[in-house]
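Report on the structure
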Amino acid sequence: RMEYSCWREGGNSEIDEGFYSRQLYVLGHEAMRRMGAANVLIAGLKGLGVEIAKNVILSGVKAVTVQDEGSAVWSDLSSQFYLRECHLGQNRASCSLQQLSSLNPHVEVSAHTGPLDEELLLRFQIVVLTDSSLDDQKRFGQLCHSHGIKLIVADTKGLCGQLFCDFGEKFEVLERDGEMPASLMIERITKENPGRVIWTDDQKHGFSDGSKVVFSDVQGMTELNSIGPVEIKVCDKYSFSICDTSSFSEYERGGVVTEVKQPFQLDFKPLSEALHDRKLLILNDHGKISRHNTLHLAFQALHDFSMTSRDGFHSPSLPMASQTDADSLLEMVRELNTVAEVEQLDEAAVRLLSCTARGDLAPINAFFGGLAAQEVIKACSRKFTPLQQWMYFDALECLPEDKDRLAECSTDTRYDGQTAVFGASFQKRLGNQKYFLVGAGAIGCELLKNFALIGLGAGEEGHITVTDMDYIERSNLNRQFLFRSPDIGNPKSEVAAKAVCQMNPQMKITSHQNRVDAASEALYDYSFFKGLDGVAAALDNVEARVYLDSRCVLHQKPMLEGGTLGSKGHTLVVVPHLTEPYGPAKSSSSNAIPLCTLKNFPHRIEHTLQWARDQFEGLFKQTPENVNCFLRDPGFVERTLSHGDVEAMETLEAVWRGLQDMEAGGQRPKSWEDCVSWARCKWETLYNNDIRQLLHCFPPDEVTSNGLPFWSGSKRCPHPLTFDPKNSTHVGYVMAAAKLYGQTYGIKGTRDNGSIEQILEKVQTPPFNPKSSVKIHLTDQEMEEERQKESGDAAQLEELKGKLSSLKNSAQMHPIDFEKDDDTNFHMDFIVAASNLRAENYDIPAADRHQSKRIAGRIIPAIATTTAAVAGLMCLELFKLVQGHKKIESYRTSYLNLAVQYFVLSQPSRPPDFQVSSAFIQPHSASAEKTQRGDRGLIHEPLSCLEHVRPMLDSPQCLDKLSELKATLGRQKKKGLFLGSDI
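One structure accompanies this document, and this report is about it. Since the model is a prediction, treat every value here as computed from it, not as a measurement.

**With respect to the overall build of the protein chain**
Secondary structure summary: the protein chain contains 34 helices and 27 strands in total. A burial count over the protein chain gives 53% of its 983 residues as buried. A separation of at least 24 residues holds for 74% of the contacts in the protein chain among residues at least 6 apart in sequence.

**Quick notes on the packing of helix H24 (residues 728–744) against helix H25 (residues 753–760)**
Angle between the axes and distance between the axes: these two values describe a pair of packed helices. Their axes nearest at 11 Å, the elements H24 and H25 cross at an angle of 90°. In terms of axis orientation, H24 runs roughly perpendicular to H25. In this structure, H24 uses Val-731, Val-734 and Met-735 to contact H25, whose residues at the interface are Asn-753, Ile-756 and Leu-760. Looking at the contact of H24 with H25 residue by residue, the class counts come to 5 nonpolar, 1 polar and no charged.

**Side note on the packing of aromatic side chains**
For the structure shown, the criterion picks out 41 aromatic pairs. The interplanar angle of 55° and the centroid separation of 5.7 Å between the aromatic rings of Phe-299 and Tyr-392 together place this pair among those described as tilted. Of the two residues, Phe-299 is situated in helix H9 (residues 291–308) and Tyr-392 in strand E19 (residues 390–394); the sequence distance between them amounts to 93 residues. Judged by relative accessible area, which is 2%, Phe-299 ranks as buried. On the numbers, 6.5 Å between centres and 70° between planes, the contact of Phe-630 with Phe-636 is edge-to-face. Each member of the pair Phe-630 and Phe-636 is classed as buried. Cluster of aromatic residues (ring-pair linked, three or more members): Trp-611, Phe-616, Phe-620, Trp-678, Trp-683, Tyr-687, Phe-723, Tyr-733, Tyr-741, Tyr-745, Phe-818 and Phe-830. Sitting over the face of the ring of Phe-264, Arg-176 holds its NZ or CZ atom 4.1 Å from the ring centroid. The residue whose ring lies beneath Lys-808 is Phe-630, and the NZ or CZ to ring-centre distance is 4.1 Å.

**Description of the sheet that holds strand E9 (residues 183–189)**
Read from one edge to the other, the open sheet built from 7 strands follows the order E12-E11-E15-E9-E10-E14-E13, with strand pairing classed as antiparallel. Sheet topology places strand E12 (230–231) and strand E13 (233–236) at the edges, where each strand pairs with a single neighbour. Relative to strand E15 (residues 256–260), strand E11 (residues 212–216) is paired through 5 bridges, and the arrangement is antiparallel. The residue bridging Phe-215 from the neighbouring strand is Val-257, located in E15.

**Brief notes about unusual backbone geometry**
Among all residues save glycine, negative phi is the norm, and among peptide bonds the norm is trans. Cis peptide bonds are those with omega within 30 degrees of zero, and the linkage from Asn-193 to Pro-194 qualifies with -5°. Along the polypeptide, Pro-194 turns up in the loop between E9 and strand E10 (196–199). Gln-388 connects to Gln-389 through a cis peptide bond whose omega is -25°. Relative to the elements of secondary structure, Gln-389 occurs in the loop between helix H12 (362–381) and E19. Positive phi, close to 50°, is recorded for Asp-131, a residue that is not glycine. With respect to the secondary-structure elements, Asp-131 resides in the loop between strand E5 (126–130) and helix H6 (134–146). Using a relative accessible area of 43% as the deciding quantity, one classes Asp-131 as partly exposed.

**Concerning the packing of helix H23 (residues 672–697) against H24**
Closest axis-to-axis distance for the H23/H24 pair is 8 Å, and the angle between their directions is 125°. Our classification of the angle between H23 and H24 gives oblique. Crossing of H23 over H24 shows right-handed handedness. Across the interface between the two elements, Trp-672, Cys-675, Val-676, Trp-678, Ala-679, Arg-680, Lys-682, Trp-683, Leu-686 and Tyr-687 from H23 touch His-730, Tyr-733, Val-734, Met-735, Ala-737, Ala-738, Lys-739, Tyr-741 and Gly-742 from H24. Residues belonging to the contact of H23 with H24 are distributed by class as follows: 14 nonpolar, 2 polar and 3 charged.

**A closer look at the nonpolar core**
Of all hydrophobic cores here, the largest spans 164 residues; its most connected members are Leu-100, Leu-159, Phe-393, Leu-447, Leu-448, Phe-451 and Leu-482. In this view, Leu-447 contacts Leu-437, Ala-536, Ala-538, Ala-871, Met-874 and Cys-875; residues no more than four positions away in its chain are not counted. Listed in part, the 72 residues of the second largest apolar core include Ala-648, Val-676, Ile-816 and Ala-856.

**Points about a nonpolar patch on the surface**
A contiguous nonpolar surface patch, about 290 Å² in accessible area, is contributed by Tyr-895, Val-900 and Tyr-902. Structurally, the position occupied by Val-900 is in the loop between strand E26 (893–897) and strand E27 (902–906).

**Some thoughts on the side chain of Asn-39**
When you line up the elements, Asn-39 lands in strand E2 (residues 39–43). A relative accessible area of 18% means that Asn-39 is categorised as buried.

**Structural notes on empty space enclosed by the protein**
Across all of its chains, the model carries 3 cavities of 30 Å³ or more by this definition. By volume, the second largest cavity is sized at about 60 Å³. What lines the second largest cavity is a set of 14 residues, among which Leu-873, Leu-876, Glu-877, Arg-892 and Leu-905 lie closest to the centre. Taken together, the elements giving at least two residues each to the lining of the second largest cavity come down to E19 and helix H30 (864–883). Among the elements that line the lining of the second largest cavity, the one with the most residues is H30, at 4 residues. Class assignment for the residues of the lining of the second largest cavity results in 5 nonpolar, 2 polar and 7 charged.

Calculation rules
- Residue positions within a chain follow its written sequence, with the count starting from 1.
- Only residues with pLDDT of at least 70 get local features here, since the model is predicted, and only at 80 or more are side-chain atom pairs given and counted; chain-wide, interface and lining totals rely on the full set of residues.
- As a rule here, side-chain values come from all non-hydrogen atoms in the structure, and water together with hydrogens is ignored.
- Working definition: helices are DSSP H or I runs of at least four residues, strands are E runs of at least two. Numbering for both runs from the N terminus.
- Exposure is judged per residue with a 1.4 Å probe applied to protein chains only, and the accessible area is read against the type maximum: over 50% gives exposed, under 20% gives buried, and values in between give partly exposed.
- The criterion used for residue contact is that any of the two residues' heavy atoms lie within 4.5 Å.
- Fitted lines through C-alpha atoms serve as axes, helices being fitted only where they are in contact, and the angles separating the N-to-C directions of these axes extend from 0 to 180 degrees.
- In this scheme, roughly parallel covers angles under 35 degrees and roughly antiparallel covers those over 145, while 65 to 115 is roughly perpendicular and the rest are oblique.
- Three classes are used, and their members are as follows: Ala, Val, Leu, Ile, Met, Phe, Trp, Tyr, Cys and Pro are nonpolar, Asp, Glu, Lys and Arg are charged, and the others, Gly among them, are polar.
- Stacked, edge-to-face and tilted labels apply to pairs of Phe, Tyr and Trp rings (six-membered ring for Trp) whose centres lie within 6.5 Å, assigned for plane angles under 30 degrees, over 60, and everything in between, in that order.
- Charges are assigned to positions over rings by a cutoff of 6 Å between ring centre and Lys NZ or Arg CZ, combined with an angular limit of 35 degrees from the ring normal.
- Strands are treated as partners if at least two bridges between them are detected by DSSP.
- Each crossing gets its hand from how the near helix is turned against the far one by less than a right angle, where anticlockwise is left-handed and clockwise is right-handed.
- Here, the term nonpolar core denotes a set of buried Ala, Val, Leu, Ile, Met, Phe, Trp, Tyr and Cys residues that are joined through side-chain atoms within 4.5 Å.
- Only residues whose relative accessible area exceeds 30% and that form no salt bridge enter a patch; like-charged residues are grouped when within 9 Å of one another, and nonpolar side chains (Val, Leu, Ile, Met, Phe, Trp, Tyr) when within 5 Å.
- Under the convention used here, a 1.4 Å probe and the Shrake-Rupley method define accessible areas, while residue burial counts only the protein chains that appear.
- The term salt bridge refers to a pairing of a side-chain nitrogen on Lys or Arg with a carboxyl oxygen on Asp or Glu at a separation within 4 Å.
- Points on a 1 Å grid, built from protein atoms alone, make a cavity when a 1.4 Å probe fits but cannot get out and make a pocket when they are open with protein on both sides within 12 Å along at least 5 of 7 lines; residues with an atom within 4 Å of a point are the lining residues.
- Grid points are joined across faces, edges and corners, and a volume is the space filled by probe spheres set on the points.

Have a look at this one:
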C-alpha cells in the first residue's frame, strides 16, 4: 500500500471569492464553508472516476483521496484525460495525481494505490465507488450506512450508466432547490379570518400551498411585521390566505412578503436493501419509461456475468459483442426478474447493453461525472435535494440506426474504449471530421476535452478550429479546467488548444481570437463553412447563439448548442432539414425595468443596482467619450443637433460642464480636493435634493384621482438622507466617486479616510429649494410623449455652441469601462455604495458586495458539475451527427437541473414549414392559364420573392441558380407572359 499527497496551500477556512466567484452564486458562502470541512474518497480512477474527481476538486472540498490499484491500459485513454501513452502499465491514481492537484490550490489531493478496506473508508465523510463489484458495493455500503458516511456509487458501461446515493437516516436538507426566496410587493391585506394578501398584478409569485412567509415594512397592520413565519394557502395567482387578521390593525399601505425556505429530512436505505426496493428516478426520455427498471436488473446481471466469465488472466470479464453473450445476459436478467417482477422487460436494451458493455465512452463519463460530483456537493453542503436513491440513463439511440450491425473491435489504440461500442470504421470517420467550436470558456473546455478523447478531428483529414476573443481571468479557473494560474492573461482559445493537444497529440487544432459576428464574415465566409462538417456553440449569450445559428442555417451545417445557469442546463442539436433551428432571439422587453421605475419609483434592490450602473456609465464613460468626440471630431456638434433639440441640449451641456473649470461654473477639477468636493455635491443632489423634489411633487399623503394612496403597491415613499461623515457608506460613496472622477481627468487621489474627512469639512454644498414647475412622469409612455412635445431653446443652443468653441484645445478625458472582478479599481465600491444609499432612500433592504456584483455585473452563476454534464450530452448528439442519423427520433433536446435531479430529454421539434404566397405564382390570363397548366406558372413580382429569401441567396453556391432564374424570366418576358417591368 502506498499513498502520495500533493498540498498547495494551508487551510481553506476563508473562501477565496476571486477563485470561487461564479460558483458562490450557485452554492452560497455557508454551503461552501460546510464543504470546506469535507474529506472525500473517490475509488476507481478510470474515465468516470477522474471526471468525478476533477469536478469535486474544483468545487472546493477540504481534501480528496483518489484510490486505484489498477494499471493504465490502452482502453483507459479513450476517457481518462490525465493518462498518456507513457503511463501504460503504471498505476492510474499516482499518474493522475499531479494534474488533479493542480486544479485547485485550496484542496489537498492524495493518491492511495492499495486496496479498499474498512480502516481506509472510516477516514472520510463521503465515499464514491466507481468501477466496483456488487459485492464491494454491498459490503462497503453497509459499513458506510452504519457509520454515518455518505455513499455514492456510480458506474458506466458503454452507452448506459447508473447512480446510487445513500446519505443515511434523517439526512437534513437545508435548502431544497437553491432558488431565490420569492418576494412580492403587497397591494392590500384584508382584515378577516383568514386574512388575504393581494399583491400588484404585474408580479408572478413562486409560492405554493404550505409555503411559509414573513412580512416587513407593512404600515398600519404592523402586527404582521413582528410575527414569525406564517403558513399560506394560495387562492389565485394574485393572492393567498394567511392567519386570522381580524383582530389586527387596519392595513394602510406598503409591505413586502418574502418566502422562508424550510429545511427537511430524508431517510436512505443501505444499498443491499435499496437494491430490492427500487426507488428509481425515471428520466422523462422519449420512449424509455420502462427501460430503467430493466437496466436496474441488467446492471446486477452484468456483475453476475463478470464473476462467472473470466478472461485469459482469470480476471472478471464483461460480455463480448456476440449473440451468445447477449443471450446469456438476457437469461440472467430474466432470472432476476422472477423475484423483481418487472411487468415488461426491455429485452432489446439488455442485448444492446451486452454488446456495448466493454465500452468506456468519454461523453457518458462526463455526464455521470457531473451528476455524481453534484451529489458529493449535496452530501457535504446539505444544499439541494439529493437523489433517492437509484438513477439510470442510456443513450443507446447513439448506435447505428441499423442496430443489427455489431462493432468491429480493434486492439492497442487510444480509442479502444470507443471502438468497443462503435467500431474502427466509425473511429476513422470521427477522426476525419472538420468542426468549428465557437467559445473556449467552461463548456468550450469540456467540449475540447471530449473532442480529444473521442478523436474528433484527429485523423489525417480532420481538423478543429476554435475561436474565443476572451482572455483568461482568475475567476475562470474554478470551472474552465484546462486553465491554470500561470495562464491568466493569455487567450483562452490558444491555451485550451495546447492543453487538449497534450491529452491527445494526434489532435489537429487551430485557435483564433475572433468574435463570430457580422464583422468577421470575411474570415468565416462561404468557403470556410463549406469545408466544415459541423459547428459547436459554447457561447454565453443569446444574441451570439442566434447569429451563429443563422450562419449554420444559411450554409446548411449541423450545430450543437448547450448552455448552463448554475445547476440548470440545456442542450440542442440542429440538423439541417430535420430539426428546428435555434431561432431568433425572444424579445426581452418584458424583463426590462421601466425608466420611470429606475428614475423615481424603485422597489427592489435590482432597481437600485441598475440605477447605480447607469450612474457609473453616464458619469465615468459616456460623458468622457462625448467630450473626446467633441475635441477630435469637427462634426460632433452638428451630428448631435440632428438628434433633436432636447437631447442635444442634454449632451452638449454635459460636454461643456466636463470641459469648463469649476471656477467658471463647470465641473472640470484641477486637484484631488476638487474631485472630493464634486463627489460630495453629487451625493447631496442624488440622495437629498432629488428626493426632496420628488416628495414636493408627490407628498407622502398624496392620493390618486380614485382617492387611493399614491404611495402604495410598488410605489415606495422615499425619504431624503442627511450626509454623515461617520457613516461608512456615505464616505465610501464619496471616496469611490472621487477616485473614479479623478481618474477620468488623470488626477490621482488618496485612499486615506482621514484626509477625505478633512477635505469634506471645507466643502459647502449649494442650497436647494424644490420647484413647483418640475414635472415628474409616472410612466415611460408619458415621458416619451412629453419629450416629443418639448422643444429646445434655439438661442440657448447657439449660446452653448459658442461656449464650446472656446474649449476646443482642452485635454482629453479618460473614459472608464466597468470591470466587476477587480476589487482594487473602486468600480464595485461605487456601485455598492450608490445602490445601497438609494435603497436606504426607499427603505429597500440593502445588498452586500457579493450579491451586488452578481446583479450589477450581470454574472451568470456557474458550476463545473453542470458544465460537464451538458458537454457530455452534447457529444452524445455528436455521435449521431457523425453517423448521419436520419430519424428525428434518434436525437435529443435536453433540459436538466442537477439541484433537484430534474431531467427532461425529448425529441427535437421539426423545422417549421412556410408557404410562398399564392399570389407569387399565378397565370396571366385564361389563355395563359391554359398554356401554363401543368407548368410552373408565371412568376409574379419576382423581386419581392427574392427579398423574402435574400439571406439564402447570399452565397456563391446560389449564383448558378440565380443566373438560370434570370434567363427563365427573360424568356418569359419576351413571350409577353411576365407582368413586371423589372427583372
